[in-house]
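Commentary on secondary and tertiary structure
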Amino acid sequence: MKNIAVIYWSDGGNVEVLANSIIKGAEGEGAKVAAKHVQDAKVGDVTSADAVAFGSPSLDNNKIEQDYMAPFIKEFKLIPLQGKKVVLFGSYGWDEGKFLKDWKKTVEDYGFKVVGELAVKEAPTDDELKKAEELGKLLAK
Ligand SMILES: Cc1cc2nc3c(=O)[nH]c(=O)nc-3n(C[C@H](O)[C@H](O)[C@H](O)COP(=O)(O)O)c2cc1C
């Protein structure tokens, strides 16, 4: 059984509903999922997981959330990750997903292997929720 960590930040709930679909997809494939708000997450939640999903909105001039998510991600700069599988997901108002492209570069620099990404405009559509569920399944395989 795969251990999956889903770690995200959400204020208005758009990122949270994506997280819930990823969790549903992963659990549907028989994975054990630990879902946490990034405020409660520890480095060990990521290092001990087989695969991880990180979620954030675009905030603060097209960047991931800066008070909790950005410093949490930075903790992995010097930690050996050996290509740990990661899915990045999030929601934006107007940047068309630029924040997520930049985020991808950062986590790849740190040694994660990005196996999937999903950026949606504001609240996800039903189709986008299905895509999120597929990403959860992918992590569990
Ligand atoms: C204070 C604030 C700042 C924001 N800044 C940006 C931004 O810089 N670029 C962007 O594309 N969207 C921006 N947005 C839109 C959010 O990314 C979008 O509403 C997202 O769906 C929020 O996710 P959540 O509901 O999970 O909190 C901002 C929203 C708020 C409330």
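If you're wondering where the values come from, they're calculated on a predicted model, not measured in any experiment. (Residues numbered from 1 in each chain as written. Predicted model: local features only at pLDDT ≥ 70, side-chain atom pairs only at ≥ 80, totals over all residues. Heavy atoms only, no water.)

Another aspect to go through is the UniProt feature "domain: Flavodoxin-like" (unreviewed entry) in the protein chain. Per the UniProt record, the feature "domain: Flavodoxin-like" (unreviewed entry) sits at residues 4-140. Counting secondary structure, residues 4-140 comes out at 39% helix and 26% strand; the distance between its end C-alpha atoms is 7 Å. (UniProt positions renumbered as here; feature names shortened; annotations may be inferred. Helix = DSSP H or I, 4+ residues; strand = E, 2+ residues; numbered from the N terminus.)

Bringing the site of the ligand into the picture now. Contacts to the ligand come from 18 residues, most closely from Ser10, Asn14, Ser58, Ser91 and Glu122. Here an oxygen atom of the ligand and a backbone polar atom of asparagine 61 are 3.1 Å apart. Between serine 91 and the ligand, the recorded distance is 2.6 Å, taken from a side-chain N or O atom to an oxygen atom. Here the ligand is seated within the largest pocket. Every element with two or more residues in the shell around the ligand is listed here: helix H1 (14-28) and strand E4 (85-92). (Near = heavy atom within 4 Å. Polar contact = N/O pair within 3.5 Å; in protein donor to acceptor, adjacent residues only side chain to side chain. 1 Å grid on protein atoms, 1.4 Å probe; cavity = no way out; pocket = protein on both sides within 12 Å on 5 of 7 lines; lining within 4 Å. Sits in = over half its atoms within 2 Å of the grid points.)

Bringing the pattern of salt bridges into the picture now. Opposite charge on two side chains makes pairing possible when the charged atoms of those side chains draw close. According to the stated counting rule, one finds seven salt bridges in the structure shown. In this structure, the salt-bridge partner of glutamate 117 is lysine 101, at a minimum N-O distance of 3.1 Å. Placement of the pair is glutamate 117 in strand E5 (residues 113-121) and lysine 101 in helix H4 (residues 98-109), with a sequence separation of 16 residues. Relative accessible area serves as the criterion here: at 28%, glutamate 117 is assigned to the partly exposed category. Put simply, Lys98, Asp102 and Lys105 are held in one network by salt bridges that share partners. (Salt bridge = Lys/Arg side-chain N within 4 Å of Asp/Glu carboxyl O. Buried < 20%, exposed > 50% of the residue type's maximum accessible area, 1.4 Å probe, protein only.)

Here we come to unusual backbone geometry. The residue glutamate 96 is not glycine, and still its phi comes out positive at about 60 degrees. Tracing the backbone shows glutamate 96 in the loop between E4 and H4. Looking at glutamate 96, the relative accessible area reads 58%, which means it is exposed. Although it is not a glycine, glutamate 122 adopts a positive phi angle of roughly 50 degrees. Position of glutamate 122 among the secondary structure elements: in the loop between E5 and helix H5 (126-140).

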